[in-house]
Amino acid sequence: MTKNSILVTGAFGLVGSELVPALQKKYGQDKVIALARKTMADDFIGILDKGDVTDFARLEELIKQYQINTIYHLAGILSVGGEKNPQLAWDINMGGLKNVLDLAVKYKLKVFWPSSIAAFGPTTPTQNTPQHTVLEPSTMYGVNKVAGELLGQYYHLKYDVDFRSLRYPGLNAYKADPGDGTTEYAIHIFYAAIKDGHYVCPLKPNTRLPMMYMDDAINGSIQLMEAPAEKLTVRTSYNFSAISFTPAELVAAIQKIQPDFTVDYQPNHTQAIADSWPKTIDDGVARQDWGWQEKFDLEKMTKALYEGVKEKIKA
Ligand code: AKB
């Protein structure tokens, strides 16, 4: 084991499953430690270990054992899961981050932590939501994201922790199974299209939400972590955006590949969450500070997801 390793918590989640291989490719397999609480992929190649982010002593042991200097702290509970169990969301989302930040002070770690469009709420301007705006979320997950952003900035100002963060939009990917979130309908729809030719959509057809293909999210996250510190003007969390689409627009894009695909719209409890979030995001500060630029539009994302999910189902 070499010095200056990278620890990725939530390594087998939607983001972690793609971030770990990208980091391994960039920095070497022996530099990346994938941490999981229980889920482990059978075909994983590299260094993996077990641990719970709410267990301070275990995290500290891992940091010492692997000589960690950077943490991508991804483990957490999403918006729908957080409404099912707000106490658990608080414990994992806030407890895990507080542990990571306290260890970052002690071991001088660089920290990446994802915030989300869930940090915004019903009183936030919904079109081209600015970087600096009202943050009054109505979900526990959103409350955790706002508190986490402020805590990260506090540790940066008070203890000089190199805390960096992005407000992820809905991230769409196929390597891992989607988690318990609101924007995840945009992943489930591909499985339903390919398996059944039909999807029951939990959101109204015109519910516009900010979204991104995972390749862009991974590139942007690594790019932010590599940006020179003096370029960064935001130490809460950067607005981070690529495409915004509605379920109806996504259905139309899938129907270009599979014309007989059909959908029923049966909005459920997730509609209220989606309605409290922005429709489009102004991420001009990220573009200006560290050169953020996405590569995937709706058509390119749809093609990549369709092919990826089809292969996964076949396998
Ligand atoms: C969710 O819908 O909960 C997440 C998110 C936007 O943070 N995908």
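Scroll up to find the structure this text is about.
Residue positions are given per chain, counted from 1 along the sequence in the order it is written. Only residues with pLDDT of 70 or above have their local features reported here, since the model is predicted, and side-chain atom pairs are shown and tallied only from 80 upward, although totals for entire chains, interfaces and linings are computed over all residues. Heavy atoms from the whole structure form the basis of all side-chain values; hydrogens and water molecules are not counted.

S.K.: Just to check I follow, could you spell out the site of the ligand for this structure?
M.R.: For this purpose, a residue is taken to be near a molecule or strand whenever a single non-hydrogen atom of the residue falls within 4 Å of it. The environment of the ligand is formed by Leu78, Ser79, Ser116, Ile117, Tyr141, Gly181, Thr182, Thr183, Glu184 and Trp277. By the criterion applied in these results, polar contacts are pairs of N or O atoms within 3.5 Å in which, for protein atoms, one can donate a hydrogen and the other can accept it, and in which residues neighboring in sequence qualify only through two side-chain atoms. A distance of 2.5 Å separates an oxygen atom of the ligand from a polar side-chain atom of Ser79. Burial of the ligand by the surrounding chains reaches 95%, relative to a free accessible area of 260 Å². Each residue gets one label: Ala, Val, Leu, Ile, Met, Phe, Trp, Tyr, Cys and Pro are nonpolar, Asp, Glu, Lys and Arg are charged, and the others, such as Gly, are polar. Its residues placed into classes, the shell around the ligand shows four nonpolar, five polar and one charged. Domain ranges listed in this record stem from an automatic or a database domain assignment. Looking at the shell around the ligand, you find at least three residues from each of domain 1 (5-171 + 213-239) and domain 2 (172-210 + 243-314). Calculation of accessible area relied on Shrake-Rupley with a 1.4 Å probe; when residues are assessed, cover is drawn exclusively from the protein chains displayed.

S.K.: Got a minute to help me understand the pairing of strand β6 (residues 162-168) in this structure?
M.R.: Successive side chains on a regular strand alternate, one facing one side of the sheet and the next facing the other. Within β6, seven of the seven residues are buried, which leaves it mostly tucked inside the rest of the structure. Note: two strands are recorded as paired if DSSP finds a minimum of 2 bridges between them. Counting from the N terminus, the helices are DSSP H or I runs at least four residues long and the strands are E runs at least two residues long. Bridge count for strand β5 (residues 110-116) against β6 is seven bridges, and the pairing is parallel. Directly across from Ser115, in β6, lies its bridge partner Arg167. Regarding the hand of the β-α-β motif, the stretch spanning β5, helix α5 (residues 140-159) and β6 is right-handed. As judged from the two bridges shared by β6 and strand β10 (residues 238-239), these two strands associate in the parallel manner. Across the sheet, Arg167 pairs through a bridge with Asn239, a residue of β10. Note on exposure labels: buried denotes an accessible area under 20% of the residue type's maximum, exposed denotes more than 50%, and partly exposed covers the range between, all computed with a 1.4 Å probe on protein chains only. For a crossover, the right-handed case is the one in which the path from the first strand over the helix to the second runs clockwise, viewed with the strands pointing away from the viewer.

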